[in-house]
Amino acid sequence: MAKYTEFCEQILAQTGGKDNISNALHCMTRLRLNLKDRSIVDVNKVKEIKGVLGAQFSGEQFQIIIGQHVSEVYPEFCAMAGLGEAKAVDENLDHEPFDIKKLPSKVLDYISGSIAPTLPIMMGAGFFKMFYAILGPDLMGVLPNEAALMQTLYIVGNAGFYFMPVFVAWGAAKKMNTSVALALLLSCLLIDPNIINIVEAGEPFSIYGAIPMQLNNYTQSVLPSLLMIFALSYVYRFFGKYVPKAIKIIGVPFATVVVMLPLTFCALAPIGNWMGMILSAFFSTVYDVAGPLAIALIAAFWPFLVATGMHIAVIQIAMLNLTSLGYDPIVLAGSNIANYALMGMTLAYFIRTKGEEKQMAGANVITLIVGGISEPTLFGILLRNKRAMVCQIVGGFIGGLVGGILKVAVYTLGAANFLTVLQYAGGPGSNFISACIACAIAFVAAAAVGIAIGFGDGGDGLKNFKGKKAKKA
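Throughout what follows, the structure given in this document is the object of discussion. No experiment lies behind these values; they were computed from the predicted model shown. (Residues numbered from 1 in each chain as written. Predicted model: local features only at pLDDT ≥ 70, side-chain atom pairs only at ≥ 80, totals over all residues. Heavy atoms only, no water.)

1. A closer look at the overall build of the protein
- Each helix and strand counted, the protein has 17 helices and six strands in total.
- With 473 residues in all, the protein has 49% of them scored as buried.
- Surface summary for the protein: the accessible area is close to 22100 Å², and the carbon and sulfur share equals 66%. (Helix = DSSP H or I, 4+ residues; strand = E, 2+ residues; numbered from the N terminus. Buried < 20%, exposed > 50% of the residue type's maximum accessible area, 1.4 Å probe, protein only. Areas by Shrake-Rupley, 256 points an atom, 1.4 Å probe, with all protein chains shown as cover.)

2. Quick look at the packing of helix 13 (residues 331-352) against helix 16 (residues 386-405)
- Contact geometry for helix 13 and helix 16: axes closest at 8 Å, N-to-C directions at 140°. In terms of axis orientation, helix 13 runs oblique to helix 16. Seen along the crossing, helix 13 lies across helix 16 with a hand that is right-handed. Within the contact between the two elements, helix 13 uses Ile-337, Ala-338, Ala-341, Leu-342 and Met-345 and helix 16 uses Ala-388, Cys-391, Gln-392, Gly-395, Gly-396, Gly-399, Gly-400 and Gly-403.
- Residue composition of the contact of helix 13 with helix 16, by class: seven nonpolar, six polar and no charged. (Axes fitted to C-alpha atoms, helices over the stretch in contact; angles between N-to-C directions. Parallel < 35°, antiparallel > 145°, perpendicular 65-115°, else oblique. Left-handed = near helix turned anticlockwise from the far one by under 90°. Contact = heavy atoms within 4.5 Å. Nonpolar A, V, L, I, M, F, W, Y, C, P; charged D, E, K, R; others polar.)

3. Remarks on the nonpolar core
- Formed by 89 residues in total, the largest nonpolar core has its most connected members in Leu-226, Ile-229, Met-319, Leu-332, Ile-337, Met-345 and Tyr-424.
- Counting 25 residues, the second largest nonpolar core, distinct from the first, contains Ile-11, Leu-33, Ala-55 and Phe-62. (Core = buried A, V, L, I, M, F, W, Y, C linked by side-chain atoms within 4.5 Å.)

4. A closer look at the state of the cysteines
- Under the counting rule described, the total for this entry stands at zero disulfides.
- In this model Cys-78 remains outside any disulfide bridge; the closest cysteine sulfur is found in Cys-8, 8.9 Å from its own.
- Exposure remark for Cys-78: the relative accessible area of 1% places this residue in the buried category.
- Distance from the sulfur of Cys-436, which forms no disulfide, to the nearest cysteine sulfur (Cys-439) is 7.0 Å.
- Judged by relative accessible area, which is 31%, Cys-436 ranks as partly exposed. (Disulfide = S-S within 2.5 Å.)

5. Some thoughts on the packing of helix 7 (residues 164-176) against helix 8 (residues 180-190)
- The N-to-C vectors of helix 7 and helix 8 enclose an angle of 155°; their axes lie 8 Å apart at closest approach. Relative to helix 8, the element helix 7 lies roughly antiparallel. As for how helix 7 packs across helix 8, the hand of that crossing is right-handed. Along its contact with helix 7, which presents Pro-165, Val-166, Ala-169, Trp-170, Ala-173 and Lys-174, the element helix 8 presents Val-180, Ala-183, Leu-184, Ser-187, Cys-188 and Leu-190.

6. Concerning the side chain of Asn-431
- Checked against the element boundaries, Asn-431 lands in helix 17 (residues 429-453).
- Within the local environment of Asn-431, its side chain forms a polar contact with the backbone oxygen of Tyr-424, the two atoms lying 2.7 Å apart.
- Residues contacting Asn-431, with those up to four places away along its chain left out, are Lys-407, Val-408, Ala-409, Tyr-411 and Tyr-424. (Polar contact = N/O pair within 3.5 Å; in protein donor to acceptor, adjacent residues only side chain to side chain.)

7. What to know about unusual backbone geometry
- Its identity is not glycine, yet Asn-177 carries a phi of approximately 55°, on the positive side.
- With respect to the helices and strands, the residue Asn-177 is situated in the loop between helix 7 and helix 8.
- Non-glycine residue Lys-407 carries a positive phi angle of around 60°.
- Position of Lys-407 among the secondary structure elements: in the loop between helix 16 and helix 17.

8. Here we look at the sheet that holds strand 2 (residues 30-35)
- The antiparallel open sheet is built from four strands, whose spatial order is 1-2-4-3. For this open sheet the edge positions go to strand 1 (21-26) and strand 3 (54-58), each flanked by a neighbour on one side alone. Here the average twist between neighbouring strands, direction ignored, is 20°.
- Summarising the sheet, strand 2 and strand 4 (residues 61-65) pair through five bridges and their orientation is antiparallel. Its bridge partner lying in strand 4, Asn-34 is registered against Gln-61.
- Sitting on the sheet, helix 3 (residues 70-81) is in contact with strand 1 and strand 2, with an inclination near 160° to strand 1. (Pairing = 2+ DSSP bridges.)

That is the geometry; function is a separate question.
Spelled out as structure tokens, the structure:
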């Protein structure tokens, strides 16, 4: 018997069996399932499974919070459910009646499902980019930029974001269950050196000598690939259906590329580029007008968004900012500060409670601060205790406000534990120093409030705010 066989069997039993699961993905801590019939799922029974930290529906997905070992559970679950680990499953969306009310959730599900597989790339390359900034002249000054080590760090770190159109196209192709090979070809064309040379030269160019092409640089972009692969899934399916079997192996890919080439360079990619510019301008305006307050609110309430799954929608803004601006001054800037406030609250909870609650808090201190896993703290402490919520909101708001005033921004992805502050490295050295100040203030403020007000009269952290009993007449 495999290590997680019984665990996976229980999940399958409470989610309607393998016939009810059309697709399965996972992120850092969650198993994400697309279900054919969500009405037969008993969320409370799923939460009762030993090893499950939480569960909820988020958009079109049913998310089961397991922890960082979800990557070990995922292969066994896919094998038992009859799903390919790296293969998107046809959800028969063509046969589902169009519902305008579901459109926003489907768009977010597509974006999230396309970007999620690329996160290991961003984080892996992000660490190289982060160390390049820390060791370079702008921060610690350990090595000059010309050093071989620094050049290596720069090349790897830059590649993780330069080739973003290719990475996202790969994820989107898996999500749409279309040809990964053609998705990679078309996305590589977006950043082909010949295309970039044409763009830099600024001279008019026409696809097939007849259809004018927009002169845009699509390196580090996301939206052009997302639009392109969405269209590719339908074009590829069309030719797969109507091209004669005798020439299908050659005819389908050739005809698909013939159609997708002008559709991509003359319509979809420019539209995606314009959308990115509009979004960047919008968020830049929001940041200029209400930057400190926006970051403060995100830092105060981010854990609650994570607990309800609403952060999936907001995090896309950060991804767009990273790929278009090169940094994110709002979402990640605030959410990382929120993480330090959560750490401070957890430490205070450990100090002020006793008994079993103290043991649980001690374990959470390790899993959150060292391991970077927040779910046990979110569901085990924060959402069960009103004073813990007060600590988080106060600490996060104060730290976020300071970060907003100092104009901190995240330049790369990296650790989610006590080293999260390193994500602010990659830009000016002053940005990293300011981020350290903001994160430290969030941690200290949350911890100080928690130590001062405590978490319950009985010391177990669960007896506060019960309300007073009515007096007898």
